[in-house]
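Observations on the three-dimensional arrangement
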Amino acid sequence: MSAAVDYFRGPWHIAVFTWREGIRKKTLVGFLILSLLVIFASFFMSSFLNQTTGGGQVETEIDGKLIKDICVATISIFGMLITIFISASVVPNEVENKVVYTVLSKPVRRMQYLLGKFLGVQMIVLANLALMTALFLIAIYVRQDEFPKLLLWSALLTYFEFLVVSAFTFAISCSATSAVLPTIGGLFIYLIGNLTEYLKDVSLRSDEADFVNALIGNVASALHKTLPNLQKFSIKTEILDLNPGAPLPAHVYEQIPNLIIYGLAYAVSGYVIAYWVFRRKEL
Amino acid sequence: MKKHPNLTLAAILFVAVAIGSIQGQRLDRLFEAEAFLQWIAAAGANERLDMDETEATVDLELYGQVAGATETLFAAKLPEGSIEEGHSALSAALETGEYDDEIYRMVKSDELAPMREDFLSKLREGELRYTQNLSYAAVMSGLEGKGSVSIFNLFFGFRKVAANFVWLQVDRYWHAGLLHRMIPLMKTCVLLDPNFVDAYLLGAWHLGYNVTANLDYTPYPLRQWSEKHQACLGDQETYYYIAVDFLKDGIRNNPRNYKIYFDLGYSMYREKLKDPENAVKYLTYAVRLPHERWVPRMLYISLEENGQYEKALEGWQENLKRFENHEVSLRFVQRLNGLIAERKSEEAKQAARAASDPSEKEAHMADYRKYTAEAMEIWNGMSEPYSEARKLRLEAIDRADQGYYLEAVSLLDKARFDAGSLFEEFSDLIIEFKLVGDLPLSVSERKQMIREEESVMCQGMPESVRDERLAALEAERAVRH
Amino acid sequence: MSVVIETKGLSKIYESSFRGQDVYALKELDLTVNSGEIFAYLGPNGSGKTTTIKMLLGLIFPTAGSIEILGLKDIASAKVRQNIGYLPEGAYYPDFLRGEEILRFYGQLYGLSGKKLETRISEVLEEVGMTHARRRMLRGYSKGMRQRIGLAQALISDPQILILDEPTTGLDPIARKEMRDILARLRDRGKTLMISSHELLEVELISDRAGILYQGEVQKIGTIDELLTDRDLTIEVESASEEVLGTLAEKGITPEDKIEGKLILRVPNDMNSYDALNICKEQQLNLVAVAPRRETLEELFVRTVGEAQNRSTT
């Protein structure tokens, strides 16, 4: 037990260090401010709706819907950008400024170092998500005067989506020397993760009779089965349409833990790749 | 790990990806089950409300199978009397959230596996219609149809945001007066977000109230028969029914939201289509769902208009129990009591006329006098334009019975202007008295007669329907004579 | 005196990915560092100093050969790591932290905590003379202060071995002197120091042994005394004609420099001093001064590198 505690002590200190450094990053703070601006702006978005439309009640409800949808999208997009930026930069930056030399020359294994870094990234991502969600909660609470607990479920699923992208971006960053490439890579992972579904279309369209065509189809089908599909997390927006007063419906209740396992499995995959790359990396 | 680090890492990676992949497939199965569930919810709402019996034949057939397979299960569970005549137990069980867990269990069960497979293959072939409300999750598990580009994917899961912006454009078109451009965009909007309830409500309101505001009345011979709606559609009606279909889509996609039922029942059927029967139907369902407190009152009013006085009375009394000394409820309770008495007196009079035996006739006449007095007493107990007008009506009937038709007509004429809500009812009665008393009809009354006669035929109306309507009209006229 | 760092046949080859030849960053290096000494690891830029150090720390991995530190082959083991302090060249330390905070972070990585850690922080700060700045943010530090806090982080676990990469580069003379004093003090306290540098003057003043690296190969290695065996005699005379100089050159005495009309002659170290003076007397030269001269490390370095260059070109 104490051996395990000892093993994780180093990673923990590195995580805290990463966190303290990360929250001071200018890009991150910039994105955060931008996302807060959008959340704030969504308050006024409804002014595009002319006041004469509909009865007063319907209008305020469209208002509420607008705020809800825009805020969830904002959290997703800016949260994702923050996640990608932070995951892509923590390791390359330390290699660049040589802090990694001082840390790895201490009794810290590379596994522990990566674990600490990854943990630190997750702390930053979670803190961002929590901050944005909190503001969003307040925004809705002010408007609708009811506590939107469904949003918390939505935020939870959003986090696991971030986690998958974060792990794979982190893996790229471990093989890179600067943060630029992994950042672009992270954006690609997000794009590809959202387009995985099209691979199924490719496999469905392939012609069995033609060898090359069938091969492409089979490859697409195999990729579709193995690559993470971020669209699976889209129930995060669906959840908000449920009745906030009622308990979660059985099917959503079953999907949430399964999605979490799904996200964790791919996060572990990403992390293993990261370690694999970093294990014998020449620094 | 120490000896073969690469091998160990490869093994861990393989296991992790395998878990992810298996979990992905598992989620796909869950999403498929959810899609099936959502489709059942839509088809169930459709069956419960008898909304669409002609167009979605594939859906109806498949739903019939599912409902058949689960009939005994839910029939045993549901309280007695909750299943309506000719409807399945499944659609009754779907109405409120009470049996949701059970329905979901059933949807995933092996028992329904063949139907689920059938559903999925039909969905992929694009044969089903009630699939608009399937979640992205369901849609992305390859259910969108073979090889079609999924609009859901296009928006990266943010189609709801897209729906909002489409709605902003609808709103802009409305203010620019480009009404015809609104309709396709409204449909796009709810396609993007089938749970955008306010889009259904506002869209239908635009169609039913704003788009049609400047359209002229269409004479029946110029109207077109609609098989789907069993009605003759003129310019205005065409839009009313677009709105009705739009709201019905909304109900199928959001069967638990009372607002759409309410708007369909009250704003469309009651206000625009003058169809109290359907108004009562949809408002009844609205009231069964969680609703605002004013919703039942609209149901009671529609019940009264549909002639279901007793049910309306029950409702108002219920309302009175909940909100003590609620003035409106009190007035309606009195009013309905008066109406029930009036109807009883009317029935007694008809019975007396039909009776051949003098003693029996006399008994009916006694009833008639008793109920008339009762009604009179109730109207005397109230003092408002409505009750005054009802009193004048009773008086007028009394005059007419004695042969003083002109006097009766003049009393009714005064009454219909005193209480505006009774204008149509009393105008009809005036025509009836004039016809019976052989008094000359005014121009507008003549016009109304012509319209009534016209209404039995429009372009494309099938013979059987025309005959039916003609017979109904003649029967009504016969009563007047 | 025991050996604390020993490498045998240590090589590092960077494979050229595109048709070229493989690059030897280090060629079969045999190196020993003894306990309690300051070992100067010298070489021009790109000679393989940093490569060696990184391999000692496990940051990069050798292509061939072995490393033993404190008698252990597993240089990533906790025992070795506990006993190595490393100051990388030009490292950046997060400047939003205070001096003591950064030391606390590194101390925690060694498993230090609580009171023990706090006393240790005070000690190392004292040691590097930074007690006055312990609560100041790093962004307010001068370059010398940063270098000293860097040294402090290397010292935090009180390691036996210190590996310092260019510790005095970029510092002003006073800061250099202070750094030098600190390093000498550490040696006196029994630490083993391995200093890579090309600031030869600094190194010469404090180091016990030195190794000169060029193109991945050790050219010379030994104690400073062993290395700087060249003891010359210089004779300063007023002036000499070409003819005289020719005669002197025949005997082995060569002019080395001309300063303000005076000529400095260099006597080869195998020639007896008296003989040299006699030759000058024969030529009737006016003696100004006679002085012994020991070769500096810098001269040795330049000479060694020059020789190596010549070897590789011929």
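Residues numbered from 1 in each chain as written. Chains lettered and ligands numbered in written order. Predicted model: local features only at pLDDT ≥ 70, side-chain atom pairs only at ≥ 80, totals over all residues. Heavy atoms only, no water.

Quick word on the overall build of chain C
Along the backbone of chain C there are 11 helices and 13 strands. Along the longest, intermediate and shortest principal axes, the C-alpha atoms of chain C span 80 × 50 × 40 Å. Each of the 314 residues in chain C was classed as buried or not, and the buried ones make up 49%. Sequence separation of 24 or more characterises 69% of the internal contacts of chain C that already satisfy a separation of 6 or more. (Helix = DSSP H or I, 4+ residues; strand = E, 2+ residues; numbered from the N terminus. Buried < 20%, exposed > 50% of the residue type's maximum accessible area, 1.4 Å probe, protein only. Contact = heavy atoms within 4.5 Å.)

Side note on the overall build of chain A
In terms of helices and strands, chain A carries 10 helices and 0 strands. Taken from N to C terminus, the helices and strands of chain A fall in the order α-α-α-α-α-α-α-α-α-α. Referenced to the eigenvectors of the C-alpha coordinate spread, the extents of chain A come out at roughly 70 × 60 × 40 Å. Across the 283 residues that make up chain A, the buried fraction comes to 57%. A separation of at least 24 residues holds for 83% of the contacts in chain A among residues at least 6 apart in sequence. Element-wise, carbon and sulfur atoms account for 71% of the exposed surface of chain A, whose accessible area totals about 11500 Å². (Areas by Shrake-Rupley, 256 points an atom, 1.4 Å probe, with all protein chains shown as cover.)

Points about the sheet that holds strand 1 (residues 3-14) of chain C
Residue and element names in this part refer to chain C. Spatially, the 3 strands line up as an open sheet ordered 2-1-4, and their pairing is antiparallel. Either end of the sheet is taken by a strand with one partner, and the two such strands are strand 2 (23-34) and strand 4 (64-69). Looking at each pair of strands side by side, their axes are set apart by 15° on average, direction ignored. Note that strand 1 and strand 2 share 8 bridges and pair antiparallel. Across the sheet, residue Val3 finds its bridge partner in strand 2, namely Asn34. (Pairing = 2+ DSSP bridges. Axes fitted to C-alpha atoms, helices over the stretch in contact; angles between N-to-C directions.)

Digging into the state of the cysteines
In a disulfide, the sulfur atoms of two cysteines are held together by a covalent bond. Residue and element names in this part refer to chain B. Taken as a whole and assessed by the stated rule, the structure comprises 1 disulfide over all chains. A sulfur-sulfur separation of 2.1 Å characterises the disulfide bridge that pairs Cys232 with Cys458. Measuring the twist about the S-S bond at about -75°, one finds the Cys232-Cys458 disulfide to be left-handed. Within this pair, whereas Cys232 is found in strand 2 (residues 231-233), its partner Cys458 is found in the loop between helix 21 (443-454) and helix 22 (463-480), the two being separated by 226 residues in sequence. Accessibility assignment for this pair places Cys232 and Cys458 in one class, buried. (Disulfide = S-S within 2.5 Å.)

Let's talk about the nonpolar core
If you look at the biggest cluster of nonpolar residues, it comprises 178 residues, and the most contacted ones within it are Leu114 of chain A, Trp39 and Ile40 of chain B together with Ile69 and Ile163 of chain C. Excluding anything up to four places from it in sequence, Ile69 of chain C contacts Val4, Ile5, Leu56, Ile75, Val80, Ile84 and Ile161 of chain C. (Core = buried A, V, L, I, M, F, W, Y, C linked by side-chain atoms within 4.5 Å.)

Considering the pairing of strand 1 of chain C
Across 5 bridges, the pairing between strand 1 of chain C and strand 4 of chain C is antiparallel. If you follow Ile5 of chain C over to strand 4 of chain C, its bridge partner there is Ile69 of chain C.

Structural notes on a nonpolar patch on the surface
Residue and element names in this part refer to chain A. A cluster of nonpolar residues, Val202, Phe211, Val212, Leu215, Ile216, Val219 and Leu223, forms a patch on the protein surface that exposes about 630 Å² of accessible area. Top element by residues in the nonpolar patch is helix 8 (residues 211-226). It accounts for 6 residues. Residue position: Val212 is located in helix 8. (Patch = residues over 30% accessible without salt bridge, like charges linked within 9 Å, V, L, I, M, F, W, Y side chains within 5 Å. Salt bridge = Lys/Arg side-chain N within 4 Å of Asp/Glu carboxyl O.)

Overview of the packing of aromatic side chains
Residue and element names in this part refer to chain B. Tallied over the full model, the rule gives 28 aromatic pairs over all chains. Here the aromatic rings of Phe36 and Trp39 are separated by 6.2 Å at their centres, their planes lie at 5°, and the arrangement is stacked. Taken together, the positions of Phe36 and Trp39, both in helix 1 (residues 5-48) and 3 residues apart, correspond to about one turn of that helix. Like Trp39, Phe36 is buried. (Phe/Tyr/Trp six-rings, centres within 6.5 Å; stacked < 30°, edge-to-face > 60°.)

Notes on the sheet that holds strand 7 (residues 192-197) of chain C
Residues and elements named next belong to chain C. Pairing is mixed across the open sheet formed by 6 strands, whose spatial order is 5-6-7-3-8-9. Of all the strands in the sheet, just strand 5 (84-87) and strand 9 (217-223) have a single pairing partner and so form its edges. Sheet twist, expressed as the average angle between the axes of neighbouring strands with direction ignored, equals 15°. Direction of pairing for strand 3 (residues 38-42) relative to strand 7: parallel, over a ladder of 5 bridges. Across the sheet, the residue bridging to Phe39 is Met194, located in strand 7. Relative to the sheet, helix 6 (residues 173-188) contacts strand 3, strand 6 (161-165) and strand 7, its axis offset from that of strand 7 by approximately 150°.

Here's the deal with the environment of Lys149 of chain A
Within the fold, Lys149 of chain A resides in helix 6 (residues 149-175). Along the chain, Lys149 of chain A and Pro244 of chain A lie 95 residues apart, while their C-alpha atoms are 6.9 Å from each other.

Let's talk about the pattern of salt bridges
Residues and elements named next belong to chain B. One pass over the structure, following the stated rule, counts 56 salt bridges over all chains. A salt bridge links Glu237 to Arg223; its shortest N-O distance comes to 3.3 Å. Of this pair, Glu237 sits in helix 11 (residues 235-253) while Arg223 sits in the loop between helix 10 (197-211) and strand 1 (224-226); the two residues are 14 residues apart in sequence, bridging distant segments of the chain. In this structure, Glu342 engages Arg390 in a salt bridge whose closest nitrogen and oxygen atoms are separated by 2.5 Å. A residue pair is termed long-range when its members are at least 10 positions apart, and Glu342 in helix 16 (residues 327-354) and Arg390 in helix 18 (residues 385-401) qualify at 48 residues. Across the pair, Arg390 and Glu342 agree in class, each one buried.

Details of the interface of chain A and chain C
Facing the 25 residues of chain A at the interface are 32 residues of chain C. Each partner contributes to the roughly 2600 Å² buried at the junction of chain A and chain C, and carbon and sulfur atoms together form 63% of this total. On the chain A side of the interface with chain C, the three residues burying the most area are Phe17, Lys106 and Pro107 of chain A, jointly 23% of the side's total. Applying the counting criterion to the chain A and chain C interface returns 2 salt bridges. Across the pair Glu101 of chain C and Arg20 of chain A runs a salt bridge whose closest N-O atoms are separated by 3.4 Å. The tally of links from chain A across to chain C stands at 14 residue pairs in polar contact (both at pLDDT 80 or more). (Buried area = accessible area lost by both parts, 1.4 Å probe. Polar contact = N/O pair within 3.5 Å; in protein donor to acceptor, adjacent residues only side chain to side chain.)

As for the environment of Ala289 of chain C
All names here are of chain C. Note that Ala289 resides in strand 13 (residues 287-294). Spatially, the C-alpha atoms of Ala289 and Ile264 are 9.1 Å apart, while their sequence positions differ by 25 residues. Excluding anything up to four places from it in sequence, Ala289 contacts Thr234, Ile235 and Glu236.

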